Amino acid sequence: MQICKGIEIIDNALWFNKKRTLIISDVHIGYEEALHNRGIMVPKSQLDIIFSKLKLILKKVNPKEIIINGDLKHEFGKVLRQEWKEVLSFLDFLSDKCKKIIIVQGNHDPIIKTITDKREIKIVKEIIIGDTLIVHGDMIRDNIVDIKAKRIIIGHEHPAITIREGSKGEKYKCFLKGKWKGKELISMPSFNPLLEGTDILKEELLSPFLKDVSNFKVYVVNNMEIFDFGKVKDLKH
């Protein structure tokens, strides 16, 4: 499904058709080990699930370039054992599928260069593709409004909605599309299967780009299918 002209939603990723660029966001490799360190036991199988999702996406598209829009790893101030191994495995997997990988630095990535230097992967604060600015979305830098881009794509928030049927509710990841200071804004969900995200209908949003999302459109993702749910304000009634 096209979220706007030339940009398609494919599962939890965005595909720039003309540029042959694939964008994923918030992979948070190492999240399981961080949970284990807090006494929460989950199976360390998320990387295999991530690889399976990527393989399905890559059956549909053939990227020249893959951009990771922030938070490639999870732990802030150190590199966990799981992160060392799995980030390199993840980058090696992507390197076999495209010619170029770029990482947009997220708030969880202050020391990511320690790992990515081993694969000579470029890290940037932001990147422009055509008329689109890609930035993680945890902060708004000065003069961003003046950038000659009509669209901004962010991660960081991990938007989701809970769909209820009677007393049962299930949370689904989603994309948001709306306006921010005259520019089109797209917020991407997390690519990590364990991180369901922020319920935009009832939870406080974190990104400074998303102060008021009532007029944003919601695109729900479920098993490679995309569903247009209309505007946020209409879902709250």
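See the structure printed just above.
Here we come to the environment of L185. Within the secondary structure, L185 sits in strand β13 (residues 183–187). Residue classification places L185 among the buried residues on the basis of a relative accessible area of 0%. For L185 and I153, which are 32 residues apart along the polypeptide, the C-alpha to C-alpha distance reads 5.9 Å.

In this structure, L22, V27, I68, L72, F90, L91 and L94 are the most contacted members of the largest nonpolar core, which totals 31 residues. Once residues within four sequence positions are removed from consideration, L22 is found in contact with A13, L14, W15, I57, L58, V61, P63, E65, I66 and I67. Of all hydrophobic cores here, the second largest spans 22 residues; its members include I147, I152, V218 and V232.

On to the packing of aromatic side chains. Counted according to the given criterion, the structure contains 3 aromatic pairs. Both rings, one in F51 and one in F93, keep their centres 4.5 Å apart while their planes meet at 20°; by these two values the pair is stacked. One end of the pair, F51, is in helix α2 (residues 46–58); the other, F93, is in helix α3 (residues 81–95), and 42 residues separate them in sequence. For the pair formed by F51 and F93, the shared burial category is buried. Cluster of aromatic residues (ring-pair linked, three or more members): F51, F90 and F93. When the ring centre of F191 is taken as reference, the NZ or CZ atom of K53 above it lies at 5.6 Å. In this structure, K97 packs its charged tip against the face of F93, placed 5.0 Å from the ring centre.

Turning next to the pattern of salt bridges. In the structure shown here, the tally under the stated rule is 10 salt bridges. When the shortest N-O distance is used, the salt bridge between D11 and K53 registers 2.5 Å. With a gap of 42 residues between them, D11 in the loop between β2 (7–10) and β3 (13–16) and K53 in helix α2 connect regions that are remote in the sequence. The burial state of D11 is the same as that of K53; both residues are buried.

Next up on the list: the pairing of strand β9 (residues 132–135). What you see with β9 is no split at all: T132 and I134 on one side and L133 and V135 on the other are buried throughout. Relative to β9, strand β8 (residues 126–129) is paired through 4 bridges, and the arrangement is antiparallel. Looking at β9, one finds that I128 is bridged to L133. Across 3 bridges, β9 lies against strand β10 (residues 151–154) in parallel orientation. Within β10, the residue paired with T132 across the bridge is R151.

A separate point is the packing of α2 against α3. Across the interface, α2 lies against α3 with an axial gap of 12 Å and an inter-helix angle of 15°. Compared by their axis directions, α2 and α3 come out roughly parallel. The handedness of the crossing between α2 and α3 comes out as right-handed. Within the contact between the two elements, α2 uses L47, I50, F51, L54, K55 and L58 and α3 uses E86, S89, F90, F93 and L94. By residue class, the composition of the contact of α2 with α3 is 8 nonpolar, 1 polar and 2 charged.

This paragraph deals with the side chain of R151. Here R151 is to be found in strand β10. Take R151: its relative accessible area is 6%, and that puts it in the buried class. Within the local environment of R151, its side chain forms a polar contact with the side chain of T132, the two groups lying 2.7 Å apart. In this structure, R151 is in contact with C4, I7, D131, T132, L133, E184 and I186, ignoring residues within four places of it in sequence.

Criteria and cut-off values
- Residues numbered from 1 in each chain as written.
- Predicted model: local features only at pLDDT ≥ 70, side-chain atom pairs only at ≥ 80, totals over all residues.
- Heavy atoms only, no water.
- Helix = DSSP H or I, 4+ residues; strand = E, 2+ residues; numbered from the N terminus.
- Buried < 20%, exposed > 50% of the residue type's maximum accessible area, 1.4 Å probe, protein only.
- Core = buried A, V, L, I, M, F, W, Y, C linked by side-chain atoms within 4.5 Å.
- Contact = heavy atoms within 4.5 Å.
- Phe/Tyr/Trp six-rings, centres within 6.5 Å; stacked < 30°, edge-to-face > 60°.
- Lys NZ or Arg CZ within 6 Å of the ring centre and 35° of its normal.
- Salt bridge = Lys/Arg side-chain N within 4 Å of Asp/Glu carboxyl O.
- Pairing = 2+ DSSP bridges.
- Axes fitted to C-alpha atoms, helices over the stretch in contact; angles between N-to-C directions.
- Parallel < 35°, antiparallel > 145°, perpendicular 65-115°, else oblique.
- Left-handed = near helix turned anticlockwise from the far one by under 90°.
- Nonpolar A, V, L, I, M, F, W, Y, C, P; charged D, E, K, R; others polar.
- Polar contact = N/O pair within 3.5 Å; in protein donor to acceptor, adjacent residues only side chain to side chain.

These results come straight from atomic positions and should not be treated as a statement about function.
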